[in-house]
Structure formats: structure tokens, C-alpha cells
Amino acid sequence: MTPAQLVLGIETSCDETAAAVVRRHADGRAEVLSSVVGSQVAAHAPYGGVVPEIAARAHVESIEAIAEAALAEAGVGYAALTGVAATAGPGLVGGVMVGLSFGKAVALARGLPLVAVNHLEGHAVSARLGADIAYPFLLLLVSGGHCQLLSVEGVGACRRLGSTLDDAAGEAFDKIAKALGLPYPGGPALEALADGGDAGAFQLPRMLLGRKDCDFSFSGLKTAAARLVEGVSGETQRRDLAAAVQAAIAGQLAEKSDRAMAAYALAHRGQGLRFVVAGGVAANRAVRARLEATATAGGFSFAAPPLAYCTDNAAMIALAGAERLALGISDGLDAVARPRWPLDEAAANANPIHTPGRKGAKA
Ligand code: KG4
Ligand code: ZN
């Protein structure tokens, strides 16, 4: 049993300004009292992607109102909080600085401990917002900026098993969606178009299958899909191509996860085998279904966050902060905003893999 926590979470690392209040009970159970997400999609849509300067300015303009809304919805005042957790990276550094500075101001003014949260650790705990999931677990983190397999041993203790060599899966969804003329953000739009399509109508390359590791690659798929788009005409063909792309991405995620499950199971003999998928791409139903089948076949339980907590939100940041506070861990007011901040720093330093993601190289 660790002390109960009531934490205000702040998230501003990309194009969502978010605040949430989460209670972490003494037995470890998480309860989301509020989760407010102010999307900037409309501001960035004309540019087909996130513009860092526009994002940072929009965060400055809305962060205070969004934090107030989260507290009001939760029915708690600043005085009831036991801590503040703000994303300190990785991400677009201008935006990260806005949220982290706001978190520091609240901590200073209210005499609360601050936790400078790694955004990826937020995604890593996000499935715990919907279910009790014990450590350790195997995590597939798939978002717009990241695609990695991690063995999560405990709070802040991750070992990387594999990572993308080029694009993140969400980035592949977004770029191929753009080639298909779909609006930004492309992932959900491509999923909607793929509905009812025949995934077998198009042949797409299966990447890196000869390799024994757990690394991903999506650039060949992106190039092949872009070439196919040029020859496609009519709604049926577009739907079929979208379905084929979605199946190819889900297939690669499942194949590499399957390989990681074998390695993870060897290292965790006699322990419960849990597989968790998190990040924006975990919202995709075809991806979820494919991964669930893979997990079940591999003897793993399967968990994914509730849909609202797949894409960026502050509830996951609040929970990551609460887990640290429960262990007596907090950060000083000199915590810095970090554009790059790998979860497994040792692996990242030994074998740096740079992804030119929409948030810049950071994985
Ligand atoms: O986790 P997230 O909100 O931000 C990052 O930390 O990157 O993930 C956003 C990514 C985008 O690439 C978006 O297109 C993708 O997740 N995404 C989806 C779906 N919903 C969001 N991709 C496929 N299908 C979806 N339903
Ligand atoms: Zn994210």
C-alpha cells in the first residue's frame, strides 16, 4: 500500500492542450475524475501537419482555461491536490515548455511536489486508466512519433526490445492518408475509408521479415502505397487500397510483437504474461484485433487503453506522475523541457535510431 494521490496532469507536447485530474488509490487503482483535451486540429489542418510555432502559441492561449476546466469538472480545488505532473518531453519543445512552466507555477504557488513526466511513460501507463494491469508487461507503443516494443518492469524501468528504423506507424498512416487525399490527421480518416474494403485487392511489401530482431520499417510500404495511389480510380479501389495499407501495418506490428513475445516469455518464466498496446495507433480497430489475436495465440493477456486515452491526453500524464509520487519520487523546479528523451536511455545511447517523426528525431 502506498499513499493515495490526487494529481493534476498537464500535456502540451504536440497538438493537444490537455489537463486532467486523476486519483490513484492506496491500492494502486486509478480513477479519472476529469480529462479535458483541447484539440488544435483545426489550426493545423490547412498545413497538413503540426506547425510547431502555431502549436506553442495555442498552448499558451488555452492552458490555463483547460486546467481550470479539468479541476472544475473533477470538483476539486488546487488545495485538494497532492501533486502536479507535467509532460517534460519528448516532443515539440516550445509546447513542452509551456506545459512544464505552467506545472511549475502551480507547484510553486500551491506548495505541491512536481513530477516532470516522460510523455512515453504516460502512454506506457495509459492502459492502467481502464484496467488493473500489474507490472511487468510487454508494451507496444505505437503513435505518430514512436513505434517501439518495450519490456516494462516497473515505474520508469523499461528495456527496449525493438524500434522503428524509419517512420513510426502513425506517421505511415498519416503520410499514406495524405497521398490518398484524406484530411489530417490521417490515421482515423484512413481507418474510416478502409471500412468494408478488400485488403486482398492490392499487394504490398512485407518489410524486414527476414530479420530476426524486433525492429520495424514502414518506408517501403509508404513508397509502394504512394505509387499505387497514382493508378487508383473510383471509391471502391480507394477503399480497397486503404484496407490493404491498414492490414499491412497491422500485420507488421503483429509479426514483430509476436517475436518480442517469444523473447519476453523466455525472460519472464513463471510470471503472468501481459501484452499491452498504447499510443494513437492503438485506437485503430483492425490493429487492436490483429494484436489481440497474436497475444492470445502467444499465451499473453491483451490490454489496450480505453479509446479516449489512446491519443494524447493528460490523464495518462497524471497517472504516471501519481505512480512516481506514490514511490516518493518528484522533480525540482529546475526540471528542463527535453525534445528528445528515450524511455530506455541505455539502449538508445548504445544503438541510436533516429526517426524523423513529425515531432523531430527523438526515439
Ligand atoms: O499518441 P498520439 O496522439 O500522438 C503522438 O504521441 O504521436 O498519436 C497520434 C497518431 C497519429 O499519427 C494518428 O494518425 C494516429 O495516431 N491515429 C490512428 C488512429 N487514431 C489516431 N492511426 C490509425 N487509426 C486510428 N484510428
Ligand atoms: Zn503521444
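Use the structure listed above.
Cut-offs used in this document
Residues numbered from 1 in each chain as written. Chains lettered and ligands numbered in written order. Predicted model: local features only at pLDDT ≥ 70, side-chain atom pairs only at ≥ 80, totals over all residues. Heavy atoms only, no water. Axes fitted to C-alpha atoms, helices over the stretch in contact; angles between N-to-C directions. Helix = DSSP H or I, 4+ residues; strand = E, 2+ residues; numbered from the N terminus. Parallel < 35°, antiparallel > 145°, perpendicular 65-115°, else oblique. Contact = heavy atoms within 4.5 Å. Nonpolar A, V, L, I, M, F, W, Y, C, P; charged D, E, K, R; others polar. Salt bridge = Lys/Arg side-chain N within 4 Å of Asp/Glu carboxyl O. Buried < 20%, exposed > 50% of the residue type's maximum accessible area, 1.4 Å probe, protein only. Pairing = 2+ DSSP bridges. Right-handed = clockwise from strand over helix to strand, strands pointing away.

A. Representation of the packing of helix α7 (residues 219–231) against helix α8 (residues 235–267). Where α7 contacts α8, the two axes come as close as 11 Å, and the packing angle between them is 175 degrees. Classified by the interaxial angle, the pair formed by α7 and α8 is roughly antiparallel. In this structure, α7 uses L221, A225, L228, V229 and G231 to contact α8, whose residues at the interface are Q237, L241, V245, A248 and I249. By residue class, the composition of the contact of α7 with α8 is 8 nonpolar, 2 polar and no charged.

B. Local environment of the pattern of salt bridges. Applying the stated criterion across every chain yields a total of 12 salt bridges. Linking R285 and E191 is a salt bridge whose minimum nitrogen-to-oxygen distance equals 3.0 Å. Of the two residues, R285 sits in helix α9 (residues 285–297) while E191 sits in helix α6 (residues 186–194), which places them 94 residues apart along the sequence. One network of salt bridges, with partners in common, ties together D167, E171, K175 and K222.

C. Summary view of the pairing of strand β5 (residues 114–118). The buried fraction of β5 is high, at 5 of 5 residues. A two-sided burial pattern is seen for β5, the buried positions comprising L114, A116 and N118 on one face and V115 and V117 on the other. Pairing geometry for strand β4 (residues 83–89) and β5, over 5 bridges, is parallel. Bridge pairing in β5 links V84 to L114. Crossover handedness for the path β4 to helix α3 (residues 93–110) to β5: right-handed.

D. Broad picture of the sheet that holds strand β10 (residues 301–303). Strand order across the open sheet formed by 5 strands is β8-β7-β6-β9-β10, with mixed pairing between neighbours. In this open sheet, the two strands that pair with only one neighbour each are β8 (157–163) and β10. Averaged over all adjacent pairs, the angle separating strand axes in this sheet is 25 degrees, with direction ignored. Bridge count for strand β6 (residues 137–142) against strand β7 (residues 147–154) is 6 bridges, and the pairing is antiparallel. Bridge pairing links F137 to V152 in β7. On the sheet, α9 packs against β6, β9 (274–278) and β10 and is oriented at approximately 160 degrees with respect to β10.

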